[in-house]
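# Close look at the chain arrangement
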Amino acid sequence: MHEMSLMSEILKIVSQDAVLHGFCNVTQIEVIVGDLSNVLPDALELAFFHLRKDPVSFPINEKTELHIIREPALSKCQTCHLEFEPDYQLARCPRCGIPDCLLISGETFRVDAYEGSEEHEN
């Protein structure tokens, strides 16, 4: 499950940035996961719940929330200009059958934002 290593890197990057900006705790993290990104949102969430308990991930803790924003896949046929939801990164246009399609969205995998506070938890 590569989502465990992906989430570990996310927590490391967010933690480092939060400490750099003086946050004592991170309250939430938003991650965008595209349908064609090869990342399973449920596995990513499971990894998050496991890893946020690790004391090394300061200022992330058990109260930190994860919000996964799903990015749907969208392609556009370069011949007939139909926009459609593809099953794969390379797809044939369902209208004209030509494989000349441009993937517009669905491959994204990134931390979109995080929130934190300068106050210590009680």
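Residues numbered from 1 in each chain as written. Predicted model: local features only at pLDDT ≥ 70, side-chain atom pairs only at ≥ 80, totals over all residues. Heavy atoms only, no water.

As recorded by an unreviewed UniProt entry, the protein carries the name Hydrogenase maturation factor HypA and is attributed to Metabacillus idriensis. If you open the UniProt record of the protein and go to Function (unreviewed entry), you find "Involved in the maturation of [NiFe] hydrogenases. Required for nickel insertion into the metal center of the hydrogenase." Check the Sequence similarities (unreviewed entry) section of the UniProt entry for the protein; it says "Belongs to the HypA/HybF family." (UniProt positions renumbered as here; feature names shortened; annotations may be inferred.)

## Focus: the pairing of strand β3 (residues 74-77)
Only one face of β3 is buried, namely the one carrying Ser-75 and Cys-77, since none of Leu-74 and Lys-76 on the opposite face is buried. As paired elements, β3 and strand β5 (residues 101-105) share four bridges and run antiparallel to each other. The residue bridging Lys-76 from the neighbouring strand is Leu-102, located in β5. Linking β3 back to strand β4 (residues 83-84) in an antiparallel pair, the connection comprises five residues, with His-81 at a positive phi of about 70°. (Buried < 20%, exposed > 50% of the residue type's maximum accessible area, 1.4 Å probe, protein only. Helix = DSSP H or I, 4+ residues; strand = E, 2+ residues; numbered from the N terminus. Pairing = 2+ DSSP bridges.)

## Looking at the UniProt feature "binding site: Zn(2+)" (unreviewed entry) in the protein
Look at the UniProt record and you will see "binding site: Zn(2+)" (unreviewed entry) annotated at Cys-77, Cys-80, Cys-93 and Cys-96. Sequence-wise these annotated residues cover 20 residues; spatially they are packed, their C-alpha atoms never more than 8.6 Å apart. Here Cys-77 shows up in strand β3. The class for Cys-77 is buried, based on a relative accessible area of 0%. In contact with Cys-77, other than residues within four places in its own chain, are Leu-82, Phe-84, Cys-93, Cys-96, Asp-100 and Cys-101. Note that Cys-96 resides in the loop between β4 and β5. If sequence neighbours within four positions are ignored, Cys-96 has contacts with Cys-77, Thr-79 and Cys-80. (Contact = heavy atoms within 4.5 Å.)

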